[in-house]
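# Secondary and tertiary structure notes
Here is what each chain is made of, one letter per residue.
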Amino acid sequence: MSFASVVRMVARRPGLVLAVTAVLAVAGAALALRLEPSADTDSLVKNSEATDRYHQVFGDEPIIVLVQGDLQRTVLTEDLARLTSLEGCLSGNAPTDDVLSKLPPVCREIAKEKFAKVVYGPGTFINTAANQIAGGFEEQKNAKAREAAEAANAAEKIAASRGYSKARQKKLGNDARQLVYSQFVQDSLRLALRYGLTSVPSIDNVDFVSQLVFDPRRGVGTPKARFAYLFPGKDSAVVQVRLKPNLTDKQKKRAIALTKKAVADPAFKLRRADQRYVVSGLPVVVDGLAREVQRSIFVLLLAALLVMAGTLALVFRTRLRLLPLGVALVAAALTFGAVSLAGGSLTMASIAGLPVLIGLAVDYAIQFQARFDEREERDPAEAAANAAAAGGPTIAAAGIATAVGFLVLLLSPVPMVRGFGVLLVVGIAIAFLCAITAGFAALVYAERRPVRPAGVPPPFARLRARTEGLRGRVADLWDRAAYRLEPVADFARRAGRASLAAAVKAPRMILLVGIWIALLGWVADTQTAFVSDVRELVPQNLQELKDVQTLQDASGVSGEIDVTIRGEDLTDPKNIAWMTKFQSGVLAANGYKAGKTCNATKDPPELCPALSLPDLFRTGGGSEAQINELLAAIPPYFSQAVISPDRKTANLAFGVRLQSLERQQEVIDDIKRRLNPPAGVKADVTGLPVQASEANAELGSTWRRALTLFAALLAVFLVLLAVRRKPRLAAVPLIPIALASGWSSLMLFVLQIPINPMSATLAALVIAISTEFAVLLSARYDEERQAGFEPREALERTYASTGAAVFASGATAIAGFAALIASDIKMLRDFGFVTVIDLTVALLGVMVVLPAALMWAEQHERFRLADFAPRELWADLRAELGRAPAPLRAQGEK
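The notes below deal with the structure included here. Everything numeric in this text was worked out from a predicted model, so none of it was measured.

## A look at the sheet that holds strand β4 (residues 276-280)
The 4 strands lie next to each other as β2-β3-β1-β4, forming an open sheet whose pairing is antiparallel. Two strands in the sheet have a free side with no partner beyond their single neighbour: β2 (116-120) and β4. Averaged over neighbouring strand pairs, the angle between their axes works out to 20° when direction is ignored. Running at roughly 70° to β2, helix α3 (residues 49-58) makes contact with β2 and β3 (236-243) of the sheet.

## With respect to the packing of aromatic side chains
Applying the stated criterion across every chain yields a total of 9 aromatic pairs. Seen in terms of ring centroids, F3 and F432 are 5.7 Å apart; in terms of plane orientation they differ by 70°. Their pairing is edge-to-face. You can see F3 sitting in helix α1 (residues 3-12) and its partner F432 sitting in helix α16 (residues 415-448), a full 429 residues away along the chain. Look at F3 and you get partly exposed, because its relative accessible area is 26%. Among the residues examined, F432 registers a relative accessible area of 12% and is labelled buried. Between Y364 and F432, the aromatic rings sit 6.3 Å apart at their centres with planes inclined by 75°, giving edge-to-face as the arrangement. Within this pair, whereas Y364 is found in helix α14 (residues 348-373), its partner F432 is found in helix α16, the two being separated by 68 residues in sequence. With respect to burial, Y364 and F432 carry one shared label: buried. An aromatic cluster is present here, built from F3, Y364, F368, F432 and F440 joined pairwise through their rings.

## Side note on the sheet that holds strand β6 (residues 607-609)
The strands that make up a sheet pair up through hydrogen bonds in the backbone, lying either parallel or antiparallel. With antiparallel pairing, the 4 strands of this open sheet are ordered in space as β6-β7-β5-β8. The sheet terminates laterally at β6 and β8 (681-686), the two strands that pair on one side only. Taking the axes of each pair of neighbouring strands and ignoring which way they run, one obtains an average angle of 30° across the sheet. Strands β5 (559-567), β6, β7 (649-656) and β8 of the sheet are contacted by helix α22 (residues 573-589), whose axis makes an angle of about 10° with β7.

## Structural notes on the pairing of β4
Buried residues dominate β4, accounting for 4 of its 5 residues. Bridge analysis of strand β1 (residues 62-68) against β4 gives 5 bridges, and the strand direction is antiparallel. Opposite I64, over in β4, you have S280 as the bridge partner.

Cut-offs used in this document
- Residues numbered from 1 in each chain as written.
- Predicted model: local features only at pLDDT ≥ 70, side-chain atom pairs only at ≥ 80, totals over all residues.
- Heavy atoms only, no water.
- Pairing = 2+ DSSP bridges.
- Helix = DSSP H or I, 4+ residues; strand = E, 2+ residues; numbered from the N terminus.
- Axes fitted to C-alpha atoms, helices over the stretch in contact; angles between N-to-C directions.
- Contact = heavy atoms within 4.5 Å.
- Phe/Tyr/Trp six-rings, centres within 6.5 Å; stacked < 30°, edge-to-face > 60°.
- Buried < 20%, exposed > 50% of the residue type's maximum accessible area, 1.4 Å probe, protein only.

Written out as structure tokens, the structure is:
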């Protein structure tokens, strides 16, 4: 079915089409409002099988509860019992319903959800140690009791065999029993003196807890360095809540909300006013950013609508000038409604895609409306059908080429950026359908609307009367704005005529200048700064970011890099010895010194020890029997944080500071270089920081950006070749498209604007939108040439009709991106600022260079590199000066 046939069907019942469109738009908007911001870290980083395996065994990224306040008061008072209860609450593993009933209601909610795979913190650690020591003591006591009974029994038998009396037999048996007990007491005293124990270890035994946690050799109240992952310093302790793998976005948000609710419960409140809990960790930061994204979208949408409406009303001089924006809003509602139906979510990329989508939809609607306004037919339905027949194939081809340009984003290592590309491709298809159906339906309906008879009041007459004054003031302001902008519009018209004249006179000179500028831009692109420090990309007032900084100040680290070890027998002493040596080597190479803390204010280490398998052994581990005996003695609930139950997967964890991803990648590369596991053992560097750093390295790679640029140009060329069938016709529009990427790169370098992970996609974005402009203009030029007009006249007619519409849609799209500058999210704000610059340069470049490319193609049968030689430019300049007016030559001679 042809485009004309579709529009004729629409024109038969335009009112019905508009009504159906309105219903669908409302439904799409309602679905779009259900979209939840994504708190899934997987959308931000490159996928990794090794990290997925690690998460399955040891749990997902942890929620971290920082306990601020004097550590001695935290662990040597009744506050330790409160902290232990909090950890038990967060774990969701209350031993009995009776115990659970005594905890706050939030604990019952957590027990029902069971979002934690493992929770370990000061209370869990101290309680486990006390129970293990007390249990070991009790076990030894029972063993000695059995040994004493056996010794007494043997002594009585010997006495009986010698004929001693019953009383003497009993006395000798008691003597033997006391001898065994005295040996047990002596051994116990030696152990107690060694560890400073004065009574049976327990969580409320101050002497035991103090001896376990603190190192008096390093100063009063200073915790032992080997427990830094639990006690980072004198004024802090850390609780880690490792989430279960494969939790949904909703479940992660629920886990974070319940954790915050639990730490705020009065039952777990610490005694002193200067003691408090701070909930942080990567899942918390991502959740906070997701909420900021959800809040921003309404502000951005309102700003984009106001700015685009004003721009469109000023630059698109026709009746129903705001109709394209209405069509674009319908397309946006339907697109985001489809995302909701597909189970998608809101990300920063999808928000950034909103002005792109609206701008492209506005462009399609403007192009069709401009064709409709050129009509000569009196019947609006026939005029609409002819406009669709004339412009539909070209606009569809431009849309397909643009969509293919966006498909290159699927090569990105970041899932969020890939989703951005898919969203725009789907949105382009929906926008085109809306423009050719609802757009033409509105145009036909407006033309057919009957004139109201004299004496019949307009609808909403009273409301109109009450708002007459306001509407008059708005109209007056609008007229004043248009009047003040008229000099700008006049300058633009004169500049456009001058560029067309230059293109006709010296197309080769304009192309050569454009090529050299683009080359400079491509070279400059290799020197453009790339910003990846998360602290510089998210809102500076984001509380979750402040909490991460608080966590780092207290503990010296804010995240974790993990090395996952896999093998058939990880308890082999040689494997344990290698892990211990490897861990100490990595820490030493990154500034950590044994016995030191990580929260130093001067020259802090870049990596710090976290809970790892070698930390369970004071030395290299001993024999395999001793290693297995020790692992068997540790409760599975605690040991599962470092080794799997089958003993085939272990974890070495390193705490890492909040830093730029480039520096973080250097640290990760150093860890990888040091990996040399024994035979039969495999090791992978895993964790979200690793994924983020690797994705950042690929995004910031000059070669990868160049490859993306080449792939986008090749894809667009193949689409144009398939549509236009001749390499020449496909290549000419590609000239300004290719050069636009270089010009925009040069502008970013000159203005010293850095690139962030979002704006790294701009090469594909500039190419895709430049394709839209270039294809529409070159296709209209071909139509004018086929109609018999000479090249100069064909160019003038093209730019007077399609050129004006392209300028209107381009200015509207640029205005939409400008709305992103109002975002509180720095990544989005910088993306909007960079895009405004790039698209402005691309639009002006296409408007200037495309006429030169078209004229140059008219003069040459084949393209030759020799045509772009510098001497050709010099010859053109001399020729132009030779034809210059006498006054100009005279001024030059002076």
